[in-house]
Amino acid sequence: MNCFQTWPEPIVRVQSLSDSGITTIPERYIKLLQDRPTPSPNTPHNDDLINIPTIDLSNLQSDDISVRRDTLGQISRACIEWGFFQVVNHGVSHSLMKRTAEVWREFFELPIEEKQVYANSPATYEGYGSRLGVEKGVKLDWSDYFFLNYLPRSVRDENKWPRFPSSCRELVAEYGDELGRLCEKLMKVFSLNLGLEEDYLQKAFGGEDIDACLRANFYPKCPQPDLTLGLSPHSDPGGMTLLLPDVHVSGLQVRRGDHWVTVKPVPNAFIVNIGDQIQLLSNATYKSVEHRVIVNSAKERVSLAFFYNPNGNIPLQPAQKLVTEDHPALYPTMTYNEYRLFIRKRGLRGKSQVESLKSHN
Ligand code: OGA
Ligand code: NI
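Residues numbered from 1 in each chain as written. Chains lettered and ligands numbered in written order. Predicted model: local features only at pLDDT ≥ 70, side-chain atom pairs only at ≥ 80, totals over all residues. Heavy atoms only, no water.

As recorded in an unreviewed UniProt entry, the protein goes by the name 2-oxoglutarate (2OG) and Fe(II)-dependent oxygenase superfamily protein, listed as coming from Actinidia rufa. The protein has a UniProt comment under Sequence similarities (unreviewed entry) that states "Belongs to the iron/ascorbate-dependent oxidoreductase family." (UniProt positions renumbered as here; feature names shortened; annotations may be inferred.)

See below:
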C-alpha cells in the first residue's frame with residue numbers, strides 16, 4: 001500500500017496528553033540522550049547577548065542611497081552568517097498579525113472533537129496534524145499543527161480551513177496576501193544581493209505560480225520539557241519562511257556552530273529564514289540553517305509559519321552566474337515536489353536531506 005495513505009500508528013493529540021494532567025510524558029516523546037534540549041557545554045554564557053540580527057526594512061525605501069545600501073548589506077550578511085533574521089517595519093499590518101495569531105490560538109482552544117473534523121493524512125498533510133513523517137516507531141515531537149495550502153490558487157481549498165472561529169478563513173486569506181507581498185520584496189533583495197537580476201529568484205520559483213502554505217504550530221505545556229522537543233532539528237525544505245513567533249513565549253532555537261541560540265522575538269517582527277531551495281539556487285552562497293523548538297511546563301506557545309516555495313513542477317538548479325570553475329554546481333536539477341517527498345516520508349532530519357544531494361564531483 002502507498003505509505004502516504006494513512007499514518008502508521010493511531011494519532012494522539014499532544015494537546016490532549018497535556019490537558020490530561022500527566023506528570024511524565026509517554027516514551028514516544030522522550031528523545032535519545034544526545035537529542036535532548038539540555039544546554040550543551042558549548043552554550044556560551046553570554047547567550048542573553050546573542051540574538052539573530054534585526055533589520056529595519058523601511059530603510060530600503062530611504063531617500064538616502066547610503067542607508068539603502070547599508071540595509072542591503074545587513075540583509076546580505078544576515079543571510080550568509082545566520083540564514084535567519086528578524087524584520088521590523090516590514091509593511092504588514094500589526095493588527096492583522098495580532099488578529100491572525102489570536103484566531104489560531106482560539107482554534108486550538110476548541111474542543112478536540114471540533115478539530116478532529118479537520119484531521120489530516122500524509123497524502124497532502126492539509127488539516128489538523130500531530131506528526132510529520134510516516135515512519136513507524138519513531139520518536140515524536142511535542143506539538144500539534146494545522147497545515148493549509150495557500151498558493152497556487154488552484155490548490156487552495158478554503159473549505160478545508162477551519163470554519164470556526166468564524167473570522168479564520170477571511171483573516172488567513174488577508175494574512176497570506178500580505179505575507180506573499182513581503183516575500184516578493186525579500187526575493188528581490190536576495191536576488192540583487194546575490195548579483196542576479198532583480199526578478200531572478202521569483203522567476204526561478206515559477207513567477208505567478210509559486211507555492212505558498214501556512215502551518216499554525218501549537219506547542220502544549222509539557223511536564224518534562226527537558227526530555228523532548230516541540231519540533232526536531234530541521235532546515236525548511238522550501239524557499240523561505242516568514243515566522244510569526246509567540247511574543248510571550250520563546251522556544252525557537254537556531255543552530256550556531258555547535259550550540260543553539262534561543263531567538264528572542266522582537267515585538268511585531270517576523271523571523272525570516274532561508275530554506276533549502278534558496279540554498280540550492282544560490283549554489284550554497286546562502287545556506288538554510290538548522291533550527292528546532294523547545295517547550296516548557298508553564299505556557300503553551302502558538303507560532304505561524306508561512307512557507308514561500310518554488311512551484312512544485314519546475315526543475316530547479318543553481319543559478320548559472322553562481323556556478324564557476326572554483327564553485328561547480330553543488331546540486332543536481334530536481335523539482336520541489338520530488339524534493340519534499342523526503343521530508344513527508346522521513347520527517348525532520350536536520351540538514352541531512354539537502355546535504356545528501358551534493359553531487360560528488
Ligand atoms: C517550522 C518552524 C518554528 C517555531 O514550522 O518549520 O521551524 O517557532 N517553526 O514554531
Ligand atoms: Ni522550520
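> Can you lay out the packing of helix 2 (residues 65–81) against helix 5 (residues 168–193) for me, pointing to particular residues and giving the numbers?
Closest axis-to-axis distance for the helix 2/helix 5 pair is 10 Å, and the angle between their directions is 85°. Relative to helix 5, the element helix 2 lies roughly perpendicular. In contact with Leu72, Ile75, Ser76 and Cys79 of helix 2, helix 5 contributes Val189, Phe190 and Asn193. Across the contact of helix 2 with helix 5, the residue classes tally to five nonpolar, two polar and no charged. (Axes fitted to C-alpha atoms, helices over the stretch in contact; angles between N-to-C directions. Helix = DSSP H or I, 4+ residues; strand = E, 2+ residues; numbered from the N terminus. Parallel < 35°, antiparallel > 145°, perpendicular 65-115°, else oblique. Contact = heavy atoms within 4.5 Å. Nonpolar A, V, L, I, M, F, W, Y, C, P; charged D, E, K, R; others polar.)

> So what about the layout of surface pockets? Which residues, and what values?
In this structure, the largest pocket encloses a volume near 600 Å³. Looking at the largest pocket, it is lined by 32 residues, and the ones nearest its centre are Lys31, Lys139, Asp141, Ser232 and Leu348. For the lining of the largest pocket, the elements supplying multiple residues, two or more each, are strand 5 (211–219), strand 6 (231–234) and helix 8 (336–346). Split by residue class, the lining of the largest pocket holds eleven nonpolar, eight polar and 13 charged. As a volume, the second largest pocket reaches approximately 410 Å³. The element best represented in the lining of the second largest pocket is helix 3 (residues 94–109), accounting for six residues. By residue class, the composition of the lining of the second largest pocket is eleven nonpolar, four polar and four charged. (1 Å grid on protein atoms, 1.4 Å probe; cavity = no way out; pocket = protein on both sides within 12 Å on 5 of 7 lines; lining within 4 Å. Points joined across faces, edges and corners; volume = space filled by probe spheres on them.)

> Residues and numbers for empty space enclosed by the protein, please.
Under the counting rule described, the total for this entry stands at three cavities of 30 Å³ or more. In this structure, the largest cavity encloses a volume near 410 Å³. Along the wall of the largest cavity there are 29 residues; nearest its centre are Arg215, His234, Asp236, Pro237 and Phe307. Among the elements of the structure, strand 4 (144–151), strand 5, strand 6, strand 7 (240–244), strand 11 (291–293), strand 12 (301–309) and helix 8 are those that each provide at least two residues to the lining of the largest cavity. The element contributing the most residues to the lining of the largest cavity is strand 12, with five residues. Split by residue class, the lining of the largest cavity holds 17 nonpolar, seven polar and five charged. Space inside the second largest cavity adds up to approximately 50 Å³. Around the second largest cavity sit His234, Ser235, Asp276, Phe342, Ile343, Gly347, Leu348, Arg349, Gly350, Lys351, Gln353 and Val354, which together line it. Looking at the lining of the second largest cavity, the elements with two or more residues in it are helix 8 and helix 9 (352–357). Within the lining of the second largest cavity, the residues separate by chemical class into four nonpolar, five polar and three charged.

> Help me get a handle on the sheet that holds strand 12, residues and values and all.
The strand order across the open sheet built from eight strands is 1-2-10-7-12-5-4-3, with neighbouring strands paired in mixed fashion. With partners counted over all chains shown, the strands left at the sheet margins are strand 1 (54–56) and strand 3 (127–129), one partner each. Neighbour-to-neighbour, the strand axes of this sheet turn through a mean angle of 25°, independent of strand direction. Relative to strand 10 (residues 270–274), strand 7 is paired through four bridges, and the arrangement is antiparallel. Paired with Thr241 across the strands is Asn273, a residue of strand 10. Strands strand 3, strand 4, strand 5, strand 7, strand 10 and strand 12 of the sheet are contacted by helix 3, whose axis makes an angle of about 115° with strand 12. (Pairing = 2+ DSSP bridges.)

> Tell me what's going on with the pairing of strand 8 (residues 252–256), and back it up with residues and numbers.
Where strand 8 lies against strand 11, three bridges are found, and the strand directions are antiparallel. Residue pairing in the sheet places Gln253 in a bridge with Arg292 of strand 11. As paired strands, strand 8 and strand 9 (residues 259–262) are joined by four bridges and run antiparallel to one another. Paired with Arg256 across the strands is His259, a residue of strand 9. Adjacent in sequence and paired antiparallel, strand 8 and strand 9 are bridged by two residues, among which Gly257 carries a positive phi angle near 60°.

> Residues and numbers for the packing of aromatic side chains, please.
Under the defined criterion, the tally for this structure stands at 18 aromatic pairs. Ring centres 6.5 Å apart and planes at 85° place the aromatic pair Phe85 and Phe190 in the edge-to-face group. You can see Phe85 sitting in strand 2 (residues 84–88) and its partner Phe190 sitting in helix 5, a full 105 residues away along the chain. In textbook terms, an aromatic cluster arises when at least three aromatic residues are bridged by ring pairs, as seen for Trp104, Phe107, Phe108, Tyr118, Tyr128, Phe146 and Phe218. (Phe/Tyr/Trp six-rings, centres within 6.5 Å; stacked < 30°, edge-to-face > 60°.)

> How would you sum up unusual backbone geometry? Please name residues and give values.
Cis geometry marks the peptide bond from Leu151 to Pro152, where omega comes out at -5°. By the secondary structure assignment, Pro152 is in the loop between strand 4 and helix 5. Look at the link from Phe164 to Pro165: it is a cis peptide, with omega at -5°. Mapped onto the elements, Pro165 comes out in the loop between strand 4 and helix 5. The phi dihedral of Asn283 is positive, around 50°, even though this residue is not glycine. Counting through the fold element by element, Asn283 comes out in the loop between helix 7 (276–281) and strand 11.

> Give me the lowdown on the side chain of Gln253, citing residues and values where you can.
Locating Gln253 in the fold gives a position in strand 8. Residue Gln253 is classed as buried on the basis of its relative accessible area, which comes to 7%. Reaching out from Gln253, the side chain makes a polar contact with the side chain of Arg292 at a distance of 2.8 Å. Those residues in contact with Gln253 that sit more than four places away from it in its chain are Trp260, Val261, Thr262, Glu290, His291, Arg292 and Ile294. (Buried < 20%, exposed > 50% of the residue type's maximum accessible area, 1.4 Å probe, protein only. Polar contact = N/O pair within 3.5 Å; in protein donor to acceptor, adjacent residues only side chain to side chain.)

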